[in-house]
Amino acid sequence: MSVSDKEREEIEKSSAPLIEHLIELRRRLIWSLGGFFVAFLVCFFFAKRLFNLLVIPFKWATQWAGLDPHKVELIYTAPQEFFFTQVKLAMFGGMVIAFPLIATQIYKFIAPGLYKNERSAFLPFLIASPVLFLMGASLVYFFFTPMVMWFFLAMQQVGTNDQVQISLLPKVSEYLSLIMTLIFSFGLVFQLPVVTSLLTRVGLLSSQALAEKRKWAIVLSFVVAAVLTPPDPMSQCGLAIPTIILYEVAIWSSRMIERAQARDRLAREQEEAGSSVASDSPDAPST
């Protein structure tokens, strides 16, 4: 069977009527929404514990500032504020927990329409995406959130005869918005190697183009960091510098993919040349 026959057979297997695609889409949506709803309920039940877990970086910042971490205090000024904060936290945690299920359902929906080599190429990126997101979230939790809160705590003023007392009393909703913004920002930025590798694999991007746009990427990294992070230089540089490093990683991964594709292309050409030579050679004379 020739290569074209194999491709034709895969196309016939992947083809299906529109109604079957819609039924499959509905099934995948039900599984995704159901998984998110279950994860949301679990996170909402443990919302206060989860919030106390997110406050730990704030406690580390108070230690760095020379304050008592046992006296960390957050407030809410509206009766419904803490309730809606728990709802937002449950939605955030539910999305994080249900992401592997949602990504799996997306992959199962689009996999029948892909070639076998495309499915094998897409699967590693499906695994790498949540891993990189967790790496970015861990960087926020263990380093950048304490650094940002320490920067804000350093602005407090001790009351004396000539000065008024100025203390930081963050609202629960504002603190949650801050740490969620940082986690999402770093998590999305850490997807840069995955996105560029996929674009390189399908031929929409090249390592040479990425290398030529390096200067623009550096400027854009600081602009995006200024938009996504709080208005302090620590968090802005903290997001821009990893973005630049990840951009260099993306260039390296794109070069590796291009080299692998070149080796595969050369191997196919040699195989086709060998098969054509074998078919064109005259039959051996009979004795």
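The structure we're discussing is the one just above.
Residues numbered from 1 in each chain as written. Predicted model: local features only at pLDDT ≥ 70, side-chain atom pairs only at ≥ 80, totals over all residues. Heavy atoms only, no water.

Caption draft 1: Quick peek at the packing of aromatic side chains. Applying the stated criterion across every chain, the model contains 17 aromatic pairs. Taking 6.1 Å as the distance between ring centres and 85° as the angle between the ring planes, the aromatic pair formed by Phe 51 and Phe 82 counts as edge-to-face. You can see Phe 51 sitting in helix H3 (residues 47-54) and its partner Phe 82 sitting in helix H5 (residues 81-110), a full 31 residues away along the chain. In this structure Phe 82 comes out as buried when scored by relative accessible area, which is 18%. One aromatic cluster is present, formed by Phe 36, Phe 40, Phe 44, Phe 83 and Phe 84 through successive ring pairs. (Phe/Tyr/Trp six-rings, centres within 6.5 Å; stacked < 30°, edge-to-face > 60°. Helix = DSSP H or I, 4+ residues; strand = E, 2+ residues; numbered from the N terminus. Buried < 20%, exposed > 50% of the residue type's maximum accessible area, 1.4 Å probe, protein only.)

Caption draft 2: Structural context of the nonpolar core. Counting residues in hydrophobic clusters, the biggest one holds 35 residues, and the most contacted among them are Phe 51, Tyr 175, Leu 176, Ile 183 and Phe 186. If near-sequence neighbours (up to four positions away) are discounted, Leu 176 is found in contact with Phe 51, Leu 54, Thr 85, Lys 88 and Leu 89. (Core = buried A, V, L, I, M, F, W, Y, C linked by side-chain atoms within 4.5 Å. Contact = heavy atoms within 4.5 Å.)

Caption draft 3: Looking closely at the environment of Leu 210. Its location among the elements puts Leu 210 in helix H9 (residues 207-212). On the basis of relative accessibility, which here comes to 6%, the residue Leu 210 falls in the buried class. In the structure, Leu 210 is positioned 44 residues away from Ser 254 in sequence and 8.8 Å away in space, judged by C-alpha atoms. When near neighbours in sequence (up to four residues on either side) are disregarded, Leu 210 contacts Thr 196, Leu 205, Tyr 247, Ala 250, Ile 251 and Ser 254.

Caption draft 4: Examining a nonpolar patch on the surface more closely. Taken together, Leu 18, Ile 19, Leu 22, Ile 23, Leu 25, Leu 29 and Leu 33 make up a surface patch of nonpolar side chains, about 670 Å² in accessible area. Summarising the element assignment, Ile 23 is placed in helix H2 (residues 18-45). The exposure class assigned to Ile 23 is partly exposed, which follows from its relative accessible area of 36%. (Patch = residues over 30% accessible without salt bridge, like charges linked within 9 Å, V, L, I, M, F, W, Y side chains within 5 Å. Areas by Shrake-Rupley, 256 points an atom, 1.4 Å probe, with all protein chains shown as cover. Salt bridge = Lys/Arg side-chain N within 4 Å of Asp/Glu carboxyl O.)

Caption draft 5: Looking closely at helix H8 (residues 192-201). Listed as buried for H8 are Pro 193, Val 194, Thr 196, Ser 197 and Thr 200. Gly 203 sits one or two positions beyond H8 and adopts a positive phi of about 90°.

Caption draft 6: Examining the pattern of salt bridges more closely. Evaluated as defined, the whole model comprises four salt bridges. For the salt bridge of Arg 28 with Glu 24, the shortest nitrogen-to-oxygen distance reads 2.7 Å. Here Arg 28 and its partner Glu 24 are both found in helix H2, four residues apart, which amounts to about one turn of the helix. Measuring nitrogen to oxygen at the nearest pair gives 4.0 Å for the salt bridge that ties Glu 81 to Lys 171. Of the two residues, Glu 81 sits in helix H5 while Lys 171 sits in the loop between helix H6 (116-153) and helix H7 (172-189), which places them 90 residues apart along the sequence. For Lys 171, a relative accessible area of 22% gives the class partly exposed. Overlapping salt bridges, with partners in common, bring together Glu 24, Arg 27 and Arg 28 in one network.

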